[in-house]
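Observations on the model geometry
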Amino acid sequence: MFVQILGSAAGGGFPQWNCNCANCAGFRNGSLRATARTQSSIAISDDGVNWVLCNASPDIRAQLQSFAPMQPGRALRDTGISAIILMDSQIDHTTGLLSLREGCPHQVWCTDMVHEDLTTGFPLFTMLTHWNGGLSWNRIELDRSFTILACPSLRFTPLPLRSAAPPYSPHRFDPHPGDNIGLIVEDLNTGGKLFYAPGLGKVDAPLLEIMAGSDCLLVDGTMWDDDEMQRRGVGTRTGREMGHLAQSGPGGMLEVLEQLPKQRKVLIHINNTNPILDEDSPERAELARRKVEVAYDGMSIVL
Ligand SMILES: [Zn+2]
Ligand SMILES: [Zn+2]
């Protein structure tokens, strides 16, 4: 299985257009050793030709241009995208669908909850019907594995994860299973297993067991400190409130990953405030000590 990181940052990207936090300002003025990152999206394939896009980010145009297999050039109009899976209905994971309108219809896989948000509060499905049939919905049923025709040797298993629905969701303050999912992707030919969860608020014992059964963990790297937005003076919401488990502190992501010594561990969906973006930071050195990698745009993983 080929896993291509198209975008490794959280919403806003890095640097975020209107942000002058220590990271964003430091990157712009050249005082920080760091790499720019686009908003969260990965592509997965079993043959390197047909790709399943996981999340469609607002940066999708640049992301597709940055990775040649996404434009195989077999016809006058063509794409390497065979299907799209949405992990939730957040803006930074779905807005890219608007930019894909010229290629409709697209096969889109998402839960009932995500489909509801995207037909009401943020009606992408409804709007795009005006473009050659728009988005054709394939329902993801929780805890039921599915396959996608274009990548027949991959088996996808959705896992409902605790999170918060976006502000425009009709059930914003009433969380439901399926608002946010993680995925286990298994290559039935190679046996390789990926655990992908860019939004992961809590790891309980059953989930830890699932993670232990995977070869590579591509997990929530949004924040280092739960109160990072306040510390950096750019917001008031905590990671926990946004459905993201911070890396540091008791019960944090690093402690979780410490219990999984055999897996390759990669943090993704990194917020621009996170000190791990600074390659010379003590936090980044701690990750290196723990053999935890930081995803970057253009990173490829083969499983
Ligand atoms: Zn996000
Ligand atoms: Zn910033």
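The structure we're discussing is the one just above.
Below you will find a few notes about this structure. These numbers come from a predicted model, not from an experiment.

Rules of the game
Residues numbered from 1 in each chain as written. Chains lettered and ligands numbered in written order. Predicted model: local features only at pLDDT ≥ 70, side-chain atom pairs only at ≥ 80, totals over all residues. Heavy atoms only, no water. Core = buried A, V, L, I, M, F, W, Y, C linked by side-chain atoms within 4.5 Å. Buried < 20%, exposed > 50% of the residue type's maximum accessible area, 1.4 Å probe, protein only. Helix = DSSP H or I, 4+ residues; strand = E, 2+ residues; numbered from the N terminus. Contact = heavy atoms within 4.5 Å. Donors = N, O, S within 2.8 Å, 3.2 Å for Na, K, Ca; no water. Pairing = 2+ DSSP bridges. Axes fitted to C-alpha atoms, helices over the stretch in contact; angles between N-to-C directions.

**Some details on the nonpolar core**
Grouped together as the largest cluster of nonpolar side chains are 31 residues, with contacts concentrated most on Phe195, Leu200, Met211, Val219 and Leu257. Counting residues per element, the ones that place at least two in this core are β10 (193-197), α7 (205-212), β11 (216-220), α9 (253-258) and β13 (292-294). Considering each element in turn, this core owes the most residues, four residues, to α9. Residues within four places of Leu200 in sequence aside, it is in contact with Leu161, Phe195, Leu207, Met211, Val219, Asp220, Gly243, His244, Leu245 and Met253. Counting 30 residues, the second largest nonpolar core, distinct from the first, contains Met1, Val3, Ile44 and Cys54.

**Some words on the environment of Val294**
With respect to the helices and strands, the residue Val294 is situated in strand β13. Residue Val294 is classed as buried on the basis of its relative accessible area of 7%. Residues Val294 and Lys265 lie 29 residues apart in sequence; the distance between their C-alpha atoms is 8.6 Å. Apart from residues lying up to four places away in sequence, Val294 is in contact with Arg37, Val266, Leu267, Ile270, Ile276, Arg284 and Leu287.

**A closer look at the coordination of the zinc ion (ligand 1)**
Protein ligation of the zinc ion (ligand 1) involves Asp92 (OD), His93 (NE2) and His269 (NE2), the donor distances falling in the range 2.0 to 2.3 Å. One chain supplies every donor for the zinc ion (ligand 1), spaced along it as D-H-x175-H. His93 carries the same exposure label as Asp92, and that label is buried.

**Structural notes on the sheet that holds β11**
Spatial strand order, β7-β8-β9-β10-β11-β12-β13: seven strands in an open sheet with mixed pairing. Of all strands in the sheet, those bounded by a partner on one side alone are β7 (146-148) and β13. Here the average twist between neighbouring strands, direction ignored, is 25 degrees. Summarising the sheet, strand β12 (residues 264-268) and β13 pair through three bridges and their orientation is parallel. Bridge assignment links Lys265 to a residue of β13, and that residue is Val292.

**Considering the environment of Leu149**
By the secondary structure assignment, Leu149 is in the loop between β7 and β8 (151-160). The spacing of Leu149 and Ala83 is 66 residues in sequence and 9.0 Å in space, taken between C-alpha atoms.

**A word on the environment of Glu186**
With respect to the helices, strands and loops of the structure, Glu186 is situated in strand β9 (residues 181-187). It is 17 Å that separates the C-alpha atoms of Glu186 and Met87, two residues lying 99 residues apart in sequence. Those residues within four positions of Glu186 in sequence are excluded, and the remaining contacts are Met1, Ser153, Leu154, Arg155, Gly192 and Lys193.

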